[in-house]
Amino acid sequence: MIIKKYIGKTQEEAISLAKADLGEGVSIMNTKEVTPHGIFKLFRKPSFEVTAAVDEIKKEEPKAAVKEEVPDFSKLQQVLNEKQFAPAPDSKAAQKEAERERLIKNSQIIEDEPGQGETDKEDNNSDIEQKLNTLQDLLEKQMVLNREEEKDEKERVVDKNQAYLDLIRKQLIQNEVEESYVNQIIEEIEGTLGHNSTLDNILAGVYQKIVLKIGSPHLIDLKTKHTKYIFFIGPTGVGKTTTIAKIASMMKLANKSNVALVTSDTYRIAAVEQLKIYANILGIPLNVVYTPEELAKLREEQPGYDLVLVDTAGRSHNNEEQKEDLVQLLKTVPENEREIFLVLSATTKYHDLVRITSIYSEICKYNLIFTKLDETDTIGNIFNIHILTGAPLSYITEGQNVPNDISKIDAQKIAKQLLGGNG
């Protein structure tokens, strides 16, 4: 893997420099603004630094030193750097050294004294032949020793790399990343490691794999000719209504979109009242529908909105009748005019998340929103469910404040947190 950093006047210029050097397939690992210090800040504008990476086409020893920059993994590095990998002296190494000295000593051939007569010449020739055979044996043994030493050296290198990978594996599992996904990442990295790989190189490789697997966030598309209906589905208690209010505020205030709210969650009066409050504050309409037919009628009577955010009732994913009600509600809007977001809590157990996502996958295709990240210390389930379902990650929420406490999925930040770095 090749890792380089580029500096430009703008972030786009730095990214362009990275693509020009490493190719269009380059992955951006980190971006940051660089502010001049001291008296120079009066004369210079801030610049942007981009750290980029690309997989090497073939595995080979690096030809030149490349400055590596890795996200802040100080916590994990501290643990790893305390590890000692120098091979302890053992009897096997001592035996090899003794054997080497014996071979050198025995390989010294002493010249024969001049022979006397034919018999002496025959004896002399026989003695030389014997010594030559002995020398050949010695050389062959020396070659065997050299091969064993090369093998031992390679094993020591592999052991060091493996020790680093084992500790990284432990860190990911502690963050509740499923072991099968961890092993998959480690196996993919092992094939790219060269001899004497540094800890920074191995961490950068694992980090980059995680970033690539998470991918870019799927956000609500505002570039449409028709009104886009955004359905929010999911189990009870995950924070759908609050999430809808945050997104409505974001679209209305930041993107200047023409937004309307609809709720079909007539089972909870509190949810309807909560949306009414947000709708009044934002100055946008709120409509309550009780049946799919009412939603279809509303679509005909209220055209012209950019977005209509639809809050659905939190239903039990084990109730077949409720599942059918949701299916009929979604069918009122053509697929090309709707988007569906499955809202899940990051605090839910992985076993339950597997069951929930499996049942909703039978109903429709969806994007993923995770809530309540402020209520958990581990975020492995975000990665797990994304890999399990193949559904794109979209937004995360980290609190109850509206319109704040919501952001798009940041693959770099999640990868750093999974590896024990500072997000």
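Computed from a predicted structure; not experimentally measured. (Residues numbered from 1 in each chain as written. Predicted model: local features only at pLDDT ≥ 70, side-chain atom pairs only at ≥ 80, totals over all residues. Heavy atoms only, no water.)

Visitor: Would you explain the environment of Val288 in this entry?
Guide: Within the secondary structure, Val288 is located in strand 6 (residues 286-288). Taking the relative accessible area as the measure of exposure, Val288 reaches 30% and is therefore partly exposed. It is 5.8 Å that separates the C-alpha atoms of Val288 and Val262, two residues lying 26 residues apart in sequence. (Helix = DSSP H or I, 4+ residues; strand = E, 2+ residues; numbered from the N terminus. Buried < 20%, exposed > 50% of the residue type's maximum accessible area, 1.4 Å probe, protein only.)

Visitor: When you look at the packing of aromatic side chains in this model, what are you seeing that I'm missing?
Guide: In the structure shown here, the tally under the stated rule is two aromatic pairs. The interplanar angle of 20° and the centroid separation of 5.9 Å between the aromatic rings of Phe232 and Phe341 together place this pair among those described as stacked. Here the residue Phe232 occupies a position in strand 4 (residues 228-233), and Phe341 occupies one in strand 8 (residues 338-345), the gap between them amounting to 109 residues. Plain terms: the ring middles of Phe341 and Tyr395 are 6.3 Å apart, the flat faces sit at 45° to each other, and that makes the pair tilted. Of the two residues, Phe341 sits in strand 8 while Tyr395 sits in strand 10 (residues 393-397), which places them 54 residues apart along the sequence. Across the pair, exposure class does not vary: Phe341 and Tyr395 are buried alike. (Phe/Tyr/Trp six-rings, centres within 6.5 Å; stacked < 30°, edge-to-face > 60°.)

Visitor: Mind showing me how you'd approach the environment of Ala245 here?
Guide: Summarising the element assignment, Ala245 is placed in helix 7 (residues 240-254). The buried category is assigned to Ala245, whose relative accessible area is 1%. Separated by 157 residues in the primary sequence, Ala245 and Val402 have C-alpha atoms spaced 6.9 Å apart. Beyond its immediate chain neighbours, meaning those up to four positions away, Ala245 contacts Tyr278 and Val402. (Contact = heavy atoms within 4.5 Å.)

Visitor: For this particular structure, what's the right way to read the layout of surface pockets?
Guide: If a probe the size of a water molecule is rolled over the atoms, the empty space left behind becomes visible. The computed volume of the second largest pocket comes to approximately 530 Å³. Lining the second largest pocket are 18 residues, with Ile28, Val211, Ser216, Ala411 and Gln412 sitting closest to its centre. Those elements that provide at least two residues to the lining of the second largest pocket are helix 1 (11-22), strand 2 (27-34), helix 6 (199-214) and helix 13 (411-418). No other element matches the four residues that strand 2 contributes to the lining of the second largest pocket. Residues belonging to the lining of the second largest pocket are distributed by class as follows: eight nonpolar, seven polar and three charged. (1 Å grid on protein atoms, 1.4 Å probe; cavity = no way out; pocket = protein on both sides within 12 Å on 5 of 7 lines; lining within 4 Å. Points joined across faces, edges and corners; volume = space filled by probe spheres on them. Nonpolar A, V, L, I, M, F, W, Y, C, P; charged D, E, K, R; others polar.)

Visitor: Where do I start with the nonpolar core in this structure?
Guide: One finds Leu172, Ile210, Phe231, Leu368 and Phe370 to be the most contacted residues of the largest nonpolar core, which totals 66 residues. Tallying contributions element by element places helix 6 first for this core, with nine residues. With sequence-adjacent residues up to four places away left out, Ile210 is seen in contact with Leu172, Ile185, Phe383, Ala415, Leu418 and Leu419. Among the nonpolar cores identified, the runner-up in size contains 21 residues, and Val259, Leu275, Leu282 and Tyr395 belong to it. (Core = buried A, V, L, I, M, F, W, Y, C linked by side-chain atoms within 4.5 Å.)

Visitor: Explain the sheet that holds strand 8 here, please?
Guide: Strand pairing in a sheet is mediated by backbone hydrogen bonds. Such pairs are either parallel or antiparallel. Judged by pairing direction, the sheet is mixed, and its eight strands sit side by side in the order 6-5-7-4-8-9-10-11 without closing on themselves. The two strands at the open ends of the sheet, each matched to only one other strand, are strand 6 and strand 11 (406-408). Neighbouring strand axes in the sheet, compared pairwise and without regard to direction, differ in orientation by 25° on average. Relative to strand 7 (residues 307-311), strand 5 (residues 259-263) runs parallel, the two sharing five bridges. Note on strand 7: the bridge partner recorded for Val262 is Val310. Against the sheet, helix 7 makes contact with strand 4, strand 5, strand 7, strand 8, strand 9 (367-371), strand 10 and strand 11, and its axis sits at roughly 170° relative to strand 7, the strand it touches most. Contacts from helix 9 (residues 292-301) reach strand 4, strand 5 and strand 6 within the one sheet, and its direction differs from that of strand 4 by about 155°. (Pairing = 2+ DSSP bridges. Axes fitted to C-alpha atoms, helices over the stretch in contact; angles between N-to-C directions.)

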